[in-house]
Amino acid sequence: MKVLVIGSGGREHALAWRISKSPLVERVYSMPGNPGMAQVGESVAAPPDSSLYVQVAERVGADLTVVGPEIPLVAGVVDEFQAAGRAILGPARVAAQLEGSKIYAKKFFQQYRIPTAEFVTVESRGDALKAVRRFGFPVVLKADGLAAGKGVVVVRNQPEAERAIETLGDRLVVEEFLVGEEASFIVLADGRNVLPLPATQDHKAVFEGDQGPNTGGMGAYSDDRILTSEQAAFVLERMIEPAVNATGFTGFLYAGVMLTQAGPKLLEFNVRMGDPEAQPLMHRLKSDLVPVLLAAARGDLTGATLEWSPRPSVCVVLASGGYPGPY
Ligand code: AMP
Ligand code: GLY
């Protein structure tokens, strides 16, 4: 079979590399791809608009399309493929709102009683400043829309708060600052059932010793000791399952969790595989990924399993000087 991987980052390279090892796969296409992906398959140009991606899948005869980044998912690429009767792995546009809007997501957590940081949503500078006063410092400000991991600022004083509101805009989530270790808990879902992957931990702050600012991710590792089995069960039952059931979620669902003294709290859902979490995960995977991706895309993961190496794995990101600012 032929598999099309959408995206051009390290995550997509890791996925394409693992997919290319499947005996079921005769060819991997990447759109637009990168030099790493070109070593495991063929790169094809990406049309300017994600609504045209399905035409590329048709042209190359892709039997399955796997979407790496959130932007096409939030734009509704899965709905386009489904309307054309082409297999694709990812959530429908409505479910992708869990990542596309922080305000929508926080209201969703509230509705399904998913443990999360205390918050208010605001739509003006005045209300944002009022909310900051209410929480005190440090406090966390989150821009409503997609921001490639750079729309969240932890502010420690009034001038920082004013500057952050200036750059993030008026539509914000203002929330309680949580303390703890973070974990990325990623599952593969078929609309009803979920297959959990091993836990990972990523590192978002750019400098040594977590000396901010936040990036899209400076590295990640995977190790079975990141979550206890009780913590993993809690995340599954209180966070992942309510979201999958409420939205009929298909694809990779990623819970970004803070392990606080009061138990795990959900920071965010991402509606895709993590980057750089995919890199250490794909290295630990021992079994064939493709049948499981196909089963999820077809809506039946019943009985599906994945086999993982017990050994930990790590990914380190090299970034240009200046990142996450201009570089
Ligand atoms: P998010 O995109 O919501 O996951 O936020 C990005 C990063 O900001 C997280 O991975 C955390 O490191 C940090 N962060 C987000 N929300 C909070 C919070 N309520 N308390 C402390 N840190 C947070
Ligand atoms: N590693 C963070 C993310 O994928 O959003």
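Counting restarts for each chain: residues are numbered from 1 in the order of the written sequence. Chain A is the first chain written and ligand 1 is the first ligand written, with later ones labelled in order. Residue-level local features of this predicted model are given only where pLDDT is at least 70; pairs of side-chain atoms are given and counted only at 80 or more, and the full residue set underlies all totals for whole chains, interfaces and linings. Each side-chain value is worked out from all heavy atoms of the structure, with water and hydrogens disregarded.

Undergrad: Even after reading the chapter, I still don't get the site of ligand 1, so can you show me in this structure?
TA: As a matter of local geometry, ligand 1 sits amid 15 residues, with K142, E175, E176, L178 and E182 nearest to it. Here a nitrogen atom of ligand 1 and a backbone polar atom of L178 are 2.7 Å apart. Here a polar contact is recorded for every N or O atom pair within 3.5 Å, except that within protein the pair must consist of a potential hydrogen donor and a potential acceptor, and residues adjacent in sequence are included only if both atoms are side-chain atoms. Between ligand 1 and K204 there is a distance of 2.8 Å, counted from an oxygen atom to a side-chain nitrogen or oxygen. The Shrake-Rupley method, run with a 1.4 Å probe, gives the accessible areas here. Residue values count only the displayed protein chains as cover. About the coverage of ligand 1: the protein hides 93% of its 470 Å² of free accessible area. Under the scheme used here, helices are H or I runs from DSSP no shorter than 4 residues and strands are E runs no shorter than 2 residues, and both carry numbers assigned from the N terminus. Those elements that place two or more of their residues in the shell around ligand 1 are β7 (139–143), β9 (172–176) and β15 (263–270). Within the shell around ligand 1, the residues separate by chemical class into seven nonpolar, one polar and seven charged. Neighbouring residues are identified by heavy atoms, a residue being near a molecule or strand if any of them is within 4 Å of it. Here the nonpolar group is Ala, Val, Leu, Ile, Met, Phe, Trp, Tyr, Cys and Pro; Asp, Glu, Lys and Arg are the charged ones; every other residue, Gly included, is treated as polar.

Undergrad: Explain the site of ligand 2 to me, please; I cannot follow it from the model alone.
TA: Neighbouring ligand 2 are the residues D202, K204, G216, Y254, N270, R272, G274, D275, P276 and E277. Contacts to ligand 2 include N270, whose side-chain N or O atom sits 3.2 Å from an oxygen atom. Relative to its free-state accessible area of 200 Å², ligand 2 is covered by the protein chains to the extent of 91%. Of the residues in the shell around ligand 2, the class split is two nonpolar, three polar and five charged.

Undergrad: Help me out: how do you make sense of the packing of aromatic side chains in this one?
TA: Geometry of an aromatic ring pair is reported as the spacing of the ring centres plus the angle between the planes. Aromatic rings from Phe, Tyr and Trp, taking only the six-membered ring of Trp, are treated as a pair when their centres fall within 6.5 Å; an angle between ring planes under 30 degrees marks them as stacked, one over 60 as edge-to-face, and anything in between as tilted. Within the structure shown, the criterion is met by four aromatic pairs. Judged by centre distance (4.6 Å) and plane angle (40°), the ring pair of F108 and Y112 falls under tilted. Per-residue accessibility, obtained with a 1.4 Å probe over protein chains only, is compared with the maximum for each type, and a residue is labelled buried under 20%, exposed over 50%, and partly exposed between these values. The class for F108 is buried, based on a relative accessible area of 5%. Arranged with centres 5.6 Å apart and planes meeting at 85°, the rings of F109 and F269 form a pair that is edge-to-face. Note that F109 is positioned in helix α7 (residues 102–111) and F269 in strand β15, a separation of 160 residues in sequence. Overall, the relative accessible area of 1% leaves F109 in the buried class. In this structure an aromatic cluster arises from ring pairing among Y104, F108 and Y112. A cation over a ring is seen here: R134 above F135, with NZ or CZ 5.1 Å from the ring centre. Remark: a charge is flagged as sitting over a ring if the NZ atom of Lys or the CZ atom of Arg is within 6 Å of the ring centre and within 35 degrees of the ring normal. One Lys or Arg, R272, reaches over the ring of Y254 and ends 5.9 Å from the middle of that ring.

Undergrad: Mind showing me how you'd approach the sheet that holds β9 here?
TA: Where strands meet in a sheet, backbone hydrogen bonds hold them as pairs that are either parallel or antiparallel. Taken in spatial order, the four strands line up as β6-β9-β7-β8 in an open sheet, and their pairing is antiparallel. Strand pairing shows two members of the sheet lacking a second neighbour, β6 (119–122) and β8 (152–155), which therefore form its edges. Neighbour-to-neighbour, the strand axes of this sheet turn through a mean angle of 20°, independent of strand direction. Criterion used throughout: strands pair if DSSP finds at least two bridges between them. Bridging between β7 and β9 involves five bridges; their strand directions are antiparallel. Where helices are involved, their axes are fitted lines through C-alpha atoms of the stretch in contact, as for all axes, and angles between N-to-C directions lie from 0 to 180°.

Undergrad: Help me understand the nonpolar core in this model?
TA: Generally speaking, a soluble globular protein has its nonpolar side chains buried in company with each other. Among the buried residues, those of types Ala, Val, Leu, Ile, Met, Phe, Trp, Tyr and Cys that are joined through side-chain atoms within 4.5 Å form a nonpolar core. Core analysis: the biggest nonpolar cluster contains 47 residues, and F185, I240 and F269 have the highest contact counts within it. Of all the elements, helix α10 (residues 229–247) adds the most residues to this core, at seven residues. Between two residues, a contact is recorded if the distance between any of their heavy atoms is within 4.5 Å. In contact with F269, other than residues within four places in its own chain, are L98, E99, F109, I114, M239, I240, A243, L253, Y254 and A255. Among the nonpolar cores identified, the runner-up in size contains 33 residues, and A14, I186, L188 and M282 belong to it.

Undergrad: In this structure, what is going on with helix α8 (residues 125–135)? I would like to understand it.
TA: Residues separated by three or four positions in an α-helix point in the same direction, a consequence of the helix having 3.6 residues per turn. All of the buried residues in α8 are A128, L129, A131 and V132. Down the axis, α8 shows its buried residues gathered within 160° of arc, on one side only. What points out from α8, more than 90 degrees from its buried face, is the exposed set K130, R133 and R134. Trailing α8 by a residue or two, G136 shows a phi angle of about 75°, which is positive. Taking the helix axis as origin, the arc is that swept by the directions to the C-beta atoms.

In short, the description is geometric, and any link to function would need to be established separately.
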